[in-house]
Amino acid sequence: MSEYNDETGVMRQPCGTWEYHLQLLRRDSEYREKFQAAEAFINHYVAVHADAAFRLSPAIVPVVVHVVYNTSDQNIPDAAVQNQIDALNRDFSRGNADLSTAPTVFSSLAADTGIRFQLAARDPSCQPSTGITRTQSATESFDIFNTDDVKSAATGGANPWPRDKYLNIWVCPALAGQGGRGTFPGASAATDGVIVNYTVFGPGAPPYDLGRVTVHEVGHYFQLFHVFQGACADNDQCADTPPQAAANYGNPTYPHFSCQSAPNGDMFVNHMDYTNDSTKVMFTVDQAARMQATLTGPRSYLLASDGLVPPTAVSAGTLWSADTPRDTAVEPDPLAEPMWQSEDIWVRNKNDGRTVQDHQNPVHRPAGSQPNYVYVRVRNAACGASASGTVKLYWAKASSALAWPAPWDGSVTAPALMGGLIGSQSTGPVPGRGSTVLEFPWSPPDPADYSMFGGDQNHFCLLSRIETAATAPYGMTFAETSNLYENVQNNNKIVWKNVEVATSNHFDMPGFVTVGNLHASEHEVLVAVHAPSLGGKDAWGHVELEVPNELADKLRNADLDPTVASFEKDTLRIHQLDTPIGPVTIDGGQYYTLGVQVVADTEAPPFGLFLIDVNQYERRDQIDVLTGGQRVAFKVLPPRPSDRQAPLGRWWHSHEEDQADIQVFRPEGYEFPVSLGRWGLELQEDHRAVVFDIGAAEGVERVDGYWWTDHDDRIHIGLGDPDRGDLALRVHSVDTESLVLRRARIDLQER
């Protein structure tokens, strides 16, 4: 039982996740293997993808809350449940106003995790649901730290909903001093999820009255460790959380030091500490990256969930793809947001997209080289019946002026080939409530052929159409017209990807978009800028467009409203977002490339994801009709510690070359496949070894991380339980071809 202070209400161990995790590691080999594989994937993904924290669109996780109660006062109302969901979204989006209470040295590292939560709209039987179940139990208090009784009807609780479609949260009366417990992805399907004491749930009682015990436990669900993991050895796998000797409680005063190696002291404002709810206010960029890696790998099944699709909105055997993460298959799509950002189409520069479901810009390669790969997710909204169809995938030179069927059909060849069919594939039978992912090899055109588009010459976009009939309207609910945007909005079988990703560690980088007129005759065109990350009353910056001279002259002659936009030398400064500018007359077949830049008016955020849409309208009978747009996603990488040394080398462990008492590593780039569970390390000039992407060696269990000590002439990497004094690896030899570490036994005194 956890210690509890009746006077202050502070729990000395509000979370039971880690202790229960250690029990599972020791007694359950399957769990241990899954945990190690998950850690290997996450660490490798984060190491390879520097921008892993910045997902283009937030992933929305369906949630079911199982309220298990003994007395009526424990049967918390629906409003309290929704309040907890709101708290999760507040803190996972960096949308909490109390972030300003954190020391600037820490709050400057705060990140939007790119994950959102919503109560489920359908249950496992495909019936409408509020996302809340209620079960009265004879159990007065559950021991949520040491048992899973609340997760089963047979032991007085409630059975989980399928974990591949829902995040299960159980709320129940727990033993005094117990706050909550989460599971890492390796947990069994019968026990996976989060348990929270009803006294600290939505919003709960002081000092846990802001829903942040649940925020903490959901952090564990996405493979976050405590910030004090490994004590001053700093083993929470996040470089931007400083070393911390032990958990903090209450409301510490800044600075609070527990490790000499942390120049700014403990990050006690982090959600993964044990401080009061009023003190915990942030996740960091590295924590967000770990959660995104978990969502990409061990919990990727949540990306395909239909738990948010109301069953009344669909019919039997309905194939569809989602325009946005919030799409629920309704036709027409009622969402008032750009329809060219589908997360159900993504590009990968190599064929890893069934695992890494994150969009990359396509890359042109010489003929005969490896293609890019486009992935399309096809869903079935039906509750039971399977369905099949044909997916046709098209490319086009990106602009905000796209129509249908040209240029996607390959008929527009001036000023260069402007589009074409990538391929056609059968979906095969897609089961009810299921989905499938199709892979299309694609070799994009040579950007040099599009030099007339200036900085936008590398940007191409994609369109997926699911056809379930051989003749028009091909199974579409609404017949397609030349207005591509309306086709996508009206039909859930058509999705569109028009996103350019710009990644840099500099804030002031430009992006590019193209506006124009695909028609044969002239048209009146308007543009508007949509910038959700700059909106609100506390906007910190504005958007500027670099406009070609000819288009600039047309805009000046259009009598610009100076409250909407104005020219400052050669740039068009946007004063009012989401307001069309123009119209201007553009000749048939004419295109203009615009530079897009975010300019800070106040102290700008040092990093983050900034999304800018340039929307194009056509004026038709004095009505401005949205016809398309382009999105530029600026991924501005966070600053890394300036004193971090460049490693002498990065090495991968080569299992197949092991000898007796020897571990052989090969330098990065050595041509052998790097499998999950393979060790990696960076060798530093000061004789430190930074270990990453680890799976356990044969006969060695990973319990609470890795320990190493520095010596004048050698490196020790301790493996196993530090209380036992166990196995170590000592540098035996190093050259350009290999790093050889010899196994050795060491005692605690030497360490």
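Look up a bit, the structure's there.
Just so it is clear, the model here is predicted, and its values are computed rather than measured. (Residues numbered from 1 in each chain as written. Predicted model: local features only at pLDDT ≥ 70, side-chain atom pairs only at ≥ 80, totals over all residues. Heavy atoms only, no water.)

## Concerning the state of the cysteines
In step 1: This model, assessed by the stated rule, comprises two disulfides.
In step 2: A sulfur-sulfur separation of 1.7 Å characterises the disulfide bridge that pairs C126 with C383. Across the disulfide from C126 to C383, rotation about the S-S bond amounts to roughly -65°, and the bridge is consequently left-handed. In this pair, C126 is assigned in the loop between β2 (115-119) and β3 (132-136) and C383 in the loop between β9 (372-380) and β10 (390-397), connecting sequence segments 257 residues apart. (Disulfide = S-S within 2.5 Å. Helix = DSSP H or I, 4+ residues; strand = E, 2+ residues; numbered from the N terminus.)

## Points about the packing of aromatic side chains
In step 1: Evaluated as defined, the whole model comprises 24 aromatic pairs.
In step 2: Aromatic pair W540 and F610: ring centres 5.3 Å apart, planes at 65°, arrangement edge-to-face. Of this pair, W540 sits in the loop between β17 (523-530) and β18 (541-546) while F610 sits in strand β23 (residues 608-620), and the two are 70 residues apart along the sequence.
In step 3: What makes F610 buried here is its relative accessible area of 6%.
In step 4: An aromatic cluster is defined as three or more aromatic residues linked by ring pairs; in this entry it consists of W395, W442, Y450, F453, F460 and Y591.
In step 5: It is R12 that lies over the ring of Y249; its NZ or CZ is 3.7 Å from the centre.
In step 6: Above the ring of F225, the side-chain terminus of R290 is found at 4.8 Å from the ring centroid. (Phe/Tyr/Trp six-rings, centres within 6.5 Å; stacked < 30°, edge-to-face > 60°. Buried < 20%, exposed > 50% of the residue type's maximum accessible area, 1.4 Å probe, protein only. Lys NZ or Arg CZ within 6 Å of the ring centre and 35° of its normal.)

## Some details on unusual backbone geometry
In step 1: Across the junction of Y254 and P255, the peptide omega takes the value -5°, indicating a cis bond.
In step 2: Its location among the elements puts P255 in the loop between α5 (212-221) and α6 (285-296).
In step 3: Across the junction of A414 and P415, the peptide omega takes the value 5°, indicating a cis bond.
In step 4: Along the polypeptide, P415 turns up in the loop between β10 and β11 (419-426).
In step 5: At R94, a position not held by glycine, the phi torsion is positive, near 60°.
In step 6: By the element assignment, R94 lies in the loop between α3 (78-92) and α4 (104-107).
In step 7: Its identity is not glycine, yet Y474 carries a phi of approximately 65°, on the positive side.

## Observations concerning a negative patch on the surface
In step 1: On the surface, E522, E524, E550 and D587 cluster together into a patch of negative charge.
In step 2: E524 sits in the partly exposed class, given a relative accessible area of 34%. (Patch = residues over 30% accessible without salt bridge, like charges linked within 9 Å, V, L, I, M, F, W, Y side chains within 5 Å. Areas by Shrake-Rupley, 256 points an atom, 1.4 Å probe, with all protein chains shown as cover. Salt bridge = Lys/Arg side-chain N within 4 Å of Asp/Glu carboxyl O. Lys, Arg positive; Asp, Glu negative; His and termini not counted. Charge placed at Lys NZ, Arg CZ, Asp CG, Glu CD.)

## Comments concerning the packing of helix α1 (residues 17-27) against helix α2 (residues 29-48)
In step 1: Packing of α1 against α2 leaves a shortest axis separation of 6 Å and a crossing angle of 115°. By the angle between their axes, α1 is roughly perpendicular relative to α2. In the crossing of α1 with α2, the sense of the turn from one axis to the other is left-handed. Where α1 approaches α2, its residues H21, L24, L25, R26 and R27 are matched on the opposing element by S29, Y31, R32 and F35.
In step 2: Classifying every residue of the contact of α1 with α2 gives four nonpolar, two polar and three charged. (Axes fitted to C-alpha atoms, helices over the stretch in contact; angles between N-to-C directions. Parallel < 35°, antiparallel > 145°, perpendicular 65-115°, else oblique. Left-handed = near helix turned anticlockwise from the far one by under 90°. Contact = heavy atoms within 4.5 Å. Nonpolar A, V, L, I, M, F, W, Y, C, P; charged D, E, K, R; others polar.)

## Digging into the nonpolar core
In step 1: Core analysis: the largest hydrophobic core is formed by 48 residues, its most contacted members being W408, L463 and W496.
In step 2: Mapped onto this core, the elements with two or more residues apiece are β8 (345-348), β9, β10, β12 (435-442), β13 (460-467), α7 (484-490), β14 (494-497) and β17. (Core = buried A, V, L, I, M, F, W, Y, C linked by side-chain atoms within 4.5 Å.)

## Some remarks on the sheet that holds strand β21 (residues 581-586)
In step 1: Strands sit in the order β15-β24-β23-β17-β21 across an open sheet of five strands; the sheet is mixed. Sheet topology places β15 (499-504) and β21 at the edges, where each strand pairs with a single neighbour. Each neighbouring strand pair of the sheet contributes to a mean axis angle of 25°, computed without reference to strand direction.
In step 2: In this sheet, strand β24 (residues 623-636) lies alongside β15 in parallel orientation, the contact comprising six bridges. Bridge pairing in β24 links V501 to A633. (Pairing = 2+ DSSP bridges.)

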